[in-house]
Amino acid sequence: MKAPLSWILDHVDVPAGTTTDEITDRLTLTGLKLEAIESPGRDITGPLVVGRVLTMEPEPQKNGKTINWCTVDVGDANGTGEPQGIVCGAHNFAPGDLVVTVLPGGVLPGGFEIGARKTYGHLSAGMICSARELGLGEDHDGIIVLPADAGSPGEDVRPLLGLDEETIEFEINPDRAYALSIRGIAREVLVSVEGATGFRDPALRDTPAANGEGHPVVVEDAEGCPVFVARTVTGFDPTAPTPDFMVRRITAAGMRPISLAVDVTNYVMLETGRPIHGYDADKVQGALVVRRARDGERLTTLDGASRTLDPGDLVVTDDSGIIGLGGVMGGETTEISGATTSILVEAAHWDAVSMYRTGRRHKITSEAGKRNERGVDPTICEAAADRVVELLVEHGGAQAHPGVTVVGSAPAIAPVEVSGDLAARVSGMDITEERSVECLRAVGCEVTGSGTLSVIPPPWRPDLTDAQDFSEEVIRLVGYDLVPSVLPTPPSGRGLTRPQQLRRRIGRTLAGEGFVEVVTFPFIGTEDLDALGLAPDDPRRDVLRLSNPLSAEAGYMTTTLLPGVLRAAGKNVGHGTTDLAIFETGTVTLPRHSGPAAILPVDRRPTKEELAALDAALPAQPLHLAVVAAGDAVAGGWWGAARPVSWSDAVDAVRSVADALGLEVTAAAVELAPWHPGRCAELSVDGEVVGHAGEVHPKVCDAFGLPRRTVAAEVDLDLLIARAVHLRQAPAFSSYPVAKEDVALVVDDSVPAAEVEAALREGAGELLESIRLFDVYTGEQVGDGKKSLAFALRFRAADRTLKEGESAAARDAAVALAAERTGAVQRS
Amino acid sequence: MSGPNTDYDPVEVTPLKSEEVEAMREAALAAIAGAADLDALKQVRLDHAGDRSPLALANREIGALPPQARKEAGQRVGQARGAINQALAARQVVLEAEHEERMLAEETVDVSLPTTRRPRGGRHPLTLQSELIADLFVAMGYEVAEGPVVEAEWLNFDALNLGPDHPARTMQDTFWTEPADHHVVLRTQTSPVQARTMLTRRPPIYVVCPGRVFRTDEYDATHSPMFHQVEGLVVDEGITMAHLKGTLDHFASQLFGDGITTRFRPSYFPFTEPSAEVDVKCFVCLGSGTGVDSDACRTCRGEGWIEWGGCGVVNPRVLVACGVDPEVYSGFAFGMGIDRSFMFRHNLEDLRPLFEGDVRFSSAFGTEI
């Protein structure tokens, strides 16, 4: 809400010398937050005065333009009292006119410094100003010609043009709809600014009583429209201009001046907070009827939009049908035009919820709707309508029709019981009951009783419904800045949960392994899933769709972290970071295709079953980890050659995480997008698949702008964390000597090393302490389609030194089992 | 022609002649002293103390001497050999030390060579900021609560006193999911975690909930469709706004430095009543609003205070919806943007680097902030 200060001060007095900053500081502390103070003349300095054009000599120029060489009486503002010679390019004025003159030394908006300068053969000492040059709008058709009685030459022109007006922009919270009006703001000044007095309520006026002579109105839905006031003026002059003060105030408040009739309704809305609708009375046929719309009814609203109405919409009809969307927007057929001479003024109170729904349904945001849906004082309809009539009569030459229609009345407001010490208990401050009562009365409440107070909120505060709401009113007036600072004493906590600790450990582990964490948005589109090369029936294509995504490419919640990390990796490569290792942890969204999530009641705790059903209606959201690495894993340097990343780095990243959780990961070959079909590992823990790792498919690398051989992994961290070893057992070491045996086994290429190792491990028996694959060889010596796997085996007994031949026997047993299981042949 | 071969043609020493033994000893000691390195000393040892050295040969002769001469000769030769062996051992120690010293000197490297074989890893600064905040509260005895980001409408709104027709719903531009009648949203705030906490625990409750939240804001320098919040919730007997103020003052001083306090301004949130905006005293200008060269402070734009978040006393309606008896318990709640806190704490003016995944950004913060 933007409010010109002069308008506020029309309705409340502050002690002389109170600065604008002091007023806004206080209002900010009591809840009307200052956004900005604007002043149209802020960027204008120096002499800007009324000038009277004395002479005006048109002088045609070679460039085809005609300039006017003028002498202007600026009183003694120029220090000499002599006429000022000024060249002016505009022609919309004549000798004798009063104009706006800026003298040398003045500065106009944009830092435009005015001096005396030679131009068109004259010394032009100043400038005659247009509205645009003063920052007062875009009008540059000519200079401003002031009314003949505006002032005398030499007088400061700023007050005449409203250039010295300060407009205060407040941020209004949704519960303070009353502050969307000068009335409400002035009242806040009264209760907030020390020494403020003399509140003059613009909605407090004597209004003529209802009579049977007004325009007939029938309200069929009294719940939707409890009060409807109609007044009429006739003989209105549609050409009458809107007075300057009104144009300035409406403009300052952020609205556009349109015509006197419309401007008056807006002016009264800004002043009182009560939205007003004006109909061209000559176009209204018969009685106004307020009812709910019927299915399929249509209306073309003032903005030209043809709308299909909903049975929830409140409408105003006449004999011709629907003529307006009550409280939200009028219709085209009865719109006030440049020929309107009779105006039917509607000031009605509408049900706020209905207003909110209609506004949302039809996507209409308007100044009227904003107020009606937040709640307006229902008791001021007659006053607001009367004020409109008064202004139309005063400025538009109209006559007030004697008829006054008032249908319905403002609903009674029930008292609320508020404990006298509630404000003290809520705030932790020493606030007496007397002080509470004083504050509540200051904001307009009627308070009776003691101990337990009976409080009736004022009609402009529909937000005050619960006892606790009243405590806020008291505390804000006592002062939020006085709330003491006291630390509560929580009971001993249990610290981070184990999963929370483990998640941190996972992040630290990966960072220690050289991976950099990234955070990306979880939104994807079909293009991302296609770029991954996912098969049409891939479960990762089963996505949760957003109803209102920011773009079609971000229409779904992602089922995999890979698009995000691959995109991020591509960007890094694009930025020249070609050796790269990144990771991301985040939840993915896996739809369960279950039923809707119920809207439960709020007046009680939901049952366990209701809560379980709520959770079951949500998609599964497991925590995933994704890693991507590209370029060199180890840089080349004086120590030797670079080592490019390989599929094994992706697997090892997952193994490092598993190690940190005390888990062992096994890898098995699998074909799965987006990985290279021959270089993808399915990773399992205790027989359960937890994720995949390997080299990214070349096509996917291309799609994401990544170099070939980029590697990636994605695992379900929830599965890993659930299995994390909680209490690790202390190891027992043997201090007897170790016996080492190396074996080299030749197997078919297709035999996984892990299978050979498993057979060796099993065959070697309990003396085996460790086994390590230290070489893989393919080539002539082992023949086509074969590979040689070299293992180092270490044997040791817990209780003795191994006897001669014991380790060799165990080794032979191991080789024998490997031969049996995998067809391995020991290389001689 | 060849010269005399001392190895194979040893000088004959007559053990009885003391001057000869003495000469041999002197010659040996001189050779030992003159041995320049371990190799030379090895040769000297062979020549003067080896099996075929003159003294060794002389020693063998002793047995053939007449018994009366044997003792004297034995002593003479023995003493000489002892002296030589001693000198050899001493020289060995000296030469070994010299050798080691030379070896180590030769092995000198240029320690200024680069050593980084692979880039360092790092964690995302928002993760670190979240953990830092969580730790501050865990240190006070709070626990860290969590909940899903794809959330039931009821928990994100209704349970928090934001009914279906509450104007404040439009303040939070919400991502809705399909089908619309399933009432599932991307949480617009971490507040549903508060509701979940109250629904699953009994007071006293002291929790913080950091997490991701979503709004349909176009992505620019100051808006993001995804950002991070941390909310706190306390429900206990006798909790007041003063406890809220004390907690946030403590939080502010822990995060931004000693003496940094907070300021409350009245505000509106459906789930709290009374509600307040929290400003934190600018930790750069310490509230003066003045920056370098008496220009306005850049961090707080000359205000002296920075908008930090929202807070208030838990609305009794929320307590009721979450099954907590408002006659017995009261509570407070607060919420801050983690991203926003990070931005002004670390002088970041455009939030987009937080979500672009450029490793140069995260790496700059390492593993701790």
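Since this is a predicted model, take the numbers as computed values, not measurements. (Residues numbered from 1 in each chain as written. Chains lettered and ligands numbered in written order. Predicted model: local features only at pLDDT ≥ 70, side-chain atom pairs only at ≥ 80, totals over all residues. Heavy atoms only, no water.)

Now for the overall build of chain B. When its secondary structure is counted, chain B shows 12 helices and 9 strands. Over its C-alpha trace chain B gives a radius of gyration of 44 Å, far above what one expects of a compact globule, namely 21 Å for 369 residues. Principal-axis analysis of the C-alpha atoms places the extent of chain B at approximately 130 × 50 × 45 Å. Across the 369 residues in chain B, those meeting the buried criterion constitute 52%. Taking the intrachain contacts of chain B between residues at least 6 apart in sequence as the baseline, contacts between residues at least 24 apart amount to 67%. By element, 51% of the accessible surface of chain B is carried by carbon and sulfur atoms, the whole surface being about 16,500 Å². Where the 34 positive side-chain charges of chain B centre and where its 54 negative ones centre are 6 Å apart. (Helix = DSSP H or I, 4+ residues; strand = E, 2+ residues; numbered from the N terminus. Rg over C-alpha atoms; globule rule 2.2 N^0.38 Å. Buried < 20%, exposed > 50% of the residue type's maximum accessible area, 1.4 Å probe, protein only. Contact = heavy atoms within 4.5 Å. Areas by Shrake-Rupley, 256 points an atom, 1.4 Å probe, with all protein chains shown as cover. Lys, Arg positive; Asp, Glu negative; His and termini not counted. Charge placed at Lys NZ, Arg CZ, Asp CG, Glu CD.)

Of note, the amide linkage connecting Ala 673 of chain A to Pro 674 of chain A takes the cis form, showing an omega dihedral of 5 degrees. With respect to the helices and strands, the residue Pro 674 of chain A is situated in the loop between β36 (666-669) and β37 (675-685). Going from Pro 203 of chain B to Pro 204 of chain B, the amide bond is cis rather than trans, its omega being 0 degrees. Within the secondary structure, Pro 204 of chain B sits in the loop between α7 (191-200) and β4 (205-214). Even without a glycine there, the phi angle at His 593 of chain A is positive, about 50 degrees. The residue His 593 of chain A is located in the loop between β32 (580-587) and α16 (608-616) in this model. We classify His 593 of chain A as exposed; its relative accessible area is 61%.

Residues and elements named next belong to chain B. Reading across the sheet, the 7 strands line up as β1-β4-β5-β9-β8-β7-β6 and stay open at both edges, with mixed pairing between neighbours. Because the sheet does not close on itself, it has two edges, and the strands there are β1 (143-144) and β6 (262-269). Direction of pairing for β1 relative to β4: parallel, over a ladder of 2 bridges. When the bridges of β4 are listed, Val 144 appears paired with Val 208. (Pairing = 2+ DSSP bridges.)

The next point concerns the side chain of Asp 263 of chain A. All names here are of chain A. Relative to the helices and strands, Asp 263 is located in helix α6 (residues 260-272). In this structure Asp 263 is buried but unpaired, with Arg 256 as the nearest side chain of opposite charge at 8.7 Å. At 2.7 Å, the side chain of Asp 263 forms a polar contact with the backbone nitrogen of Ile 258. Excluding residues that lie within four positions of it along the chain, Asp 263 makes contacts with Thr 242, Met 246, Ile 250, Arg 256, Pro 257 and Ile 258. (Salt bridge = Lys/Arg side-chain N within 4 Å of Asp/Glu carboxyl O. Polar contact = N/O pair within 3.5 Å; in protein donor to acceptor, adjacent residues only side chain to side chain.)

Turning our eyes to something else, we now look at the UniProt feature "binding site: Mg(2+)" (unreviewed entry) in chain B. Residue and element names in this part refer to chain B. Look at the UniProt record and you will see "binding site: Mg(2+)" (unreviewed entry) annotated at Glu 273. When you line up the elements, Glu 273 lands in strand β7 (residues 272-281). Judged by its relative accessible area of 5%, Glu 273 falls in the buried class. (UniProt positions renumbered as here; feature names shortened; annotations may be inferred.)

What follows deals with the interface of chain B and chain A. At the interface, 109 residues of chain B touch 106 residues of chain A. Summing the contributions of chain B and of chain A, the shared interface buries around 8,700 Å²; its carbon and sulfur component is 58%. For chain B, the biggest contributors to the area lost against chain A are Arg 117, Trp 154 and Pro 266 of chain B; these three give 8% of the whole. Summed over the shared surface of chain B and chain A, the result is 8 salt bridges. The salt bridge partner of Glu 146 of chain B is Arg 503 of chain A, with a shortest N-O separation of 2.8 Å. Joining chain B to chain A, the criterion identifies 42 residue pairs in polar contact (both at pLDDT 80 or more). With 8 residues, helix α8 (residues 241-256) of chain B is the largest single contributor of residues to the side of chain B that touches chain A. (Buried area = accessible area lost by both parts, 1.4 Å probe.)

Residue and element names in this part refer to chain B. This structure, assessed with the given rule, holds 0 disulfides over all chains. Lacking any disulfide linkage, Cys 282 is separated from the closest cysteine sulfur, that of Cys 285, by 3.6 Å. You can call Cys 282 buried: its relative accessible area is 0%. (Disulfide = S-S within 2.5 Å.)

When the UniProt feature table is mapped onto this chain, "domain: FDX-ACB" (unreviewed entry) is found at residues 734-827 of chain A. Overall, residues 734-827 of chain A shows 31% helix and 34% strand. The separation of its end C-alpha atoms is 31 Å.

All names here are of chain B. This model, assessed by the stated rule, comprises 24 aromatic pairs over all chains. Summarising the aromatic geometry, the rings of Phe 269 and Phe 271 are spaced 6.2 Å apart at their centres and angled 20 degrees between planes, so their arrangement reads as stacked. The exposure class of Phe 271 is buried, given its relative accessible area of 13%. Members of the aromatic cluster, each reached through a chain of ring pairs, are Phe 137, Tyr 142, Tyr 206, Phe 251, Phe 256, Phe 283, Trp 308, Phe 332, Phe 334 and Phe 344. (Phe/Tyr/Trp six-rings, centres within 6.5 Å; stacked < 30°, edge-to-face > 60°.)

Okay, the sheet that holds strand β17 (residues 288-292) of chain A next. Residues and elements named next belong to chain A. One open sheet holds the 5 strands; their spatial order is β14-β17-β20-β21-β22, and the pairing between them is mixed. Unpaired on one side and paired on the other, β14 (217-219) and β22 (329-330) mark the two borders of the sheet. Note that strand β21 (residues 321-325) and β22 share 2 bridges and pair antiparallel. Note that in β22 the partner of Gly 324 across the bridge is Gly 330.

Next up on the list: the pattern of salt bridges. A side chain of one charge can pair with a side chain of the opposite charge if their charged atoms are brought near each other. This structure, assessed with the given rule, holds 68 salt bridges over all chains. The salt bridge partner of Arg 231 of chain A is Asp 386 of chain A, with a shortest N-O separation of 2.9 Å. On the criterion of sequence distance, the pair formed by Arg 231 of chain A in strand β15 (residues 227-234) and Asp 386 of chain A in helix α9 (residues 381-396) is long-range, its members being 155 residues apart. With a relative accessible area of 9%, Asp 386 of chain A lands in the buried category. Between Arg 352 of chain B and Asp 350 of chain B there is a salt bridge, and its shortest N-O distance comes to 2.8 Å. Look at the salt bridges and you will find they share partners, linking Arg 176, Glu 188, Arg 461, Asp 463, Glu 472, Glu 473 and Arg 476 of chain A into a network.

Further remarks concern the packing of α6 of chain A against α9 of chain A. Residue and element names in this part refer to chain A. Between α6 and α9, the least distance of the axes is 9 Å, while the angle of their chain directions is 140 degrees. With respect to each other, α6 and α9 are oriented oblique. For the crossing formed where α6 meets α9, the hand is right-handed. Along its contact with α6, which presents Leu 260, Ala 261, Val 264, Thr 265, Tyr 267, Val 268, Glu 271 and Thr 272, the element α9 presents Ala 384, Arg 387, Val 388, Leu 391, Leu 392, His 395 and Gly 396. Across the contact of α6 with α9, the residue classes break down as 9 nonpolar, 4 polar and 2 charged. (Axes fitted to C-alpha atoms, helices over the stretch in contact; angles between N-to-C directions. Parallel < 35°, antiparallel > 145°, perpendicular 65-115°, else oblique. Left-handed = near helix turned anticlockwise from the far one by under 90°. Nonpolar A, V, L, I, M, F, W, Y, C, P; charged D, E, K, R; others polar.)

The subject of this paragraph is the packing of helix α3 (residues 54-62) of chain B against helix α4 (residues 67-106) of chain B. Residue and element names in this part refer to chain B. In the contact formed by α3 and α4, the axes pass within 10 Å of each other and the chain directions differ by 160 degrees. Judged by the inter-axis angle, α3 sits roughly antiparallel to α4. Where α3 crosses over α4, the two elements pack in a sense that is left-handed. Counting all contacts with α3, which are made through Leu 55, Ala 56, Ala 58, Asn 59 and Ile 62, the residues of α4 involved are Arg 70, Ala 73, Gly 74, Val 77, Ala 80, Arg 81 and Ile 84. Here the contact of α3 with α4 is composed, by residue class, of 8 nonpolar, 2 polar and 2 charged.

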